[in-house]
Amino acid sequence: MTRIMTRTAAREIAVHFSFELCFTGQSPDELLEEALTRKTFASIGEEEPLYAEFPNEIQRAYISALVKGVYDHMPELDEYISKYAIGWKFSRLNRVAISIMRVAMYEILYMQDIPNAAAINEAVELTKHYEEPEVASFVNGILGSFVRGETIPDPVGLGAQAPAAGVQEGETL
């Protein structure tokens, strides 16, 4: 029986890859070419259940979009984290929490099919998996303040529609 990888699992893999980019000196393309392979997943999947299933094409595209988007927008995302981590220097923040917040903020700002609350909830749950409860509360507070402070409307349910068939992204309807 084949398991279907959830968006949650794909997001967690994207967080892993985004975290790794901070230490490898690789470009996102180099890292993805090396890490997003059947061979790598087979090797890691023996010990880490998250990697037990190789993502399908849609999941690989989602993981790639997150990793590349976070990398390309890292200065902007880090500025938001700094702005809302009141009383904390960015250099003192937990690196795992930073990677998780970068992914959530990127989803909120640039992936209009993901509700803001879902991005925040997923980030908090992922933080709970890797860090102490107070770090998860910290992440929740920063992301909630970010959405409220930047008045980012939740795109889901506001009548946002996908482009009509045959219309290219960026064209007017």
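Refer to the structure above for everything that follows.
A brief look at the structure comes next. As the structure is a computational prediction, the values presented were derived from the model and not from experiment. (Residues numbered from 1 in each chain as written. Predicted model: local features only at pLDDT ≥ 70, side-chain atom pairs only at ≥ 80, totals over all residues. Heavy atoms only, no water.)

A short note on the overall build of the protein
Applied cut-off: Only DSSP runs of H or I with at least four residues qualify as helices, and only runs of E with at least two residues qualify as strands; both kinds are numbered from the N terminus onward. Think of it in three bands: with a 1.4 Å probe and only protein chains considered, a residue is buried below 20% of the maximum accessible area for its type, exposed above 50%, and partly exposed in between. In this analysis, two residues are considered to be in contact whenever any of their non-hydrogen atoms come within 4.5 Å of each other.
Looking only at helices and strands, the protein features 8 helices and 0 strands. From first element to last, N terminus to C terminus, the protein shows the α and β order α-α-α-α-α-α-α-α. Out of the 173 residues belonging to the protein, those deemed buried represent 42%. Considering only intrachain contacts with a sequence separation of at least 6, the fraction spanning at least 24 residues in the protein is 70%.

Describing the nonpolar core
Where we set the bar: We call a set of buried Ala, Val, Leu, Ile, Met, Phe, Trp, Tyr and Cys residues a nonpolar core when their side-chain atoms join them within 4.5 Å.
Judged by nonpolar contacts, the single largest core of 51 residues is most densely connected at Ile 13, Phe 17, Phe 41, Ile 63, Met 105, Leu 143 and Phe 146. Where this core is concerned, the elements lending two or more residues are α1 (7-24), α2 (28-35), α4 (57-72), α5 (74-84), α6 (95-110), α7 (116-130) and α8 (133-149). Per-element accounting of this core gives the leading share, 9 residues, to α6. Leave out the neighbours within four places in its chain, and Phe 41 touches Met 5, Ile 13, Phe 17, Ala 35, Leu 36, Tyr 51, Glu 53, Phe 54 and Pro 55.

Notes on α7
For the record, the criterion: By this rule the span expected of a helix is its residue count minus one, scaled by 1.5 Å.
With 15 residues, α7 extends 22 Å from end C-alpha to end C-alpha; this agrees with the ideal 21 Å at 1.5 Å per step. Elements in contact with the buried residues of α7: α1, α6 and α8.

A closer look at the environment of Pro 28
Relative to the elements of secondary structure, Pro 28 occurs in helix α2. A relative accessible area of 8% means that Pro 28 is categorised as buried. For the pair Pro 28 and Val 70, spaced 42 residues apart in the sequence, the C-alpha separation amounts to 9.4 Å. If we skip the residues at most four places from it in the chain, Pro 28 touches Leu 21, Val 67, Lys 68 and Tyr 71.

Examining the packing of aromatic side chains
Where we set the bar: Centres within 6.5 Å are what make two rings of Phe, Tyr or Trp a pair, Trp counting through its six-membered ring; a difference in plane orientation under 30 degrees is then read as stacked, over 60 as edge-to-face, and the rest as tilted. Two limits define a charge over a ring: the Lys NZ or Arg CZ must be within 6 Å of the ring centre, and within 35 degrees of the ring normal.
Within this structure, the stated rule accounts for 8 aromatic pairs. Site record: aromatic cluster; members linked through ring pairs are Phe 17, Phe 41, Tyr 51 and Phe 54. The side chain of Arg 7 reaches across the aromatic face of Tyr 62, ending 4.9 Å from its centre.

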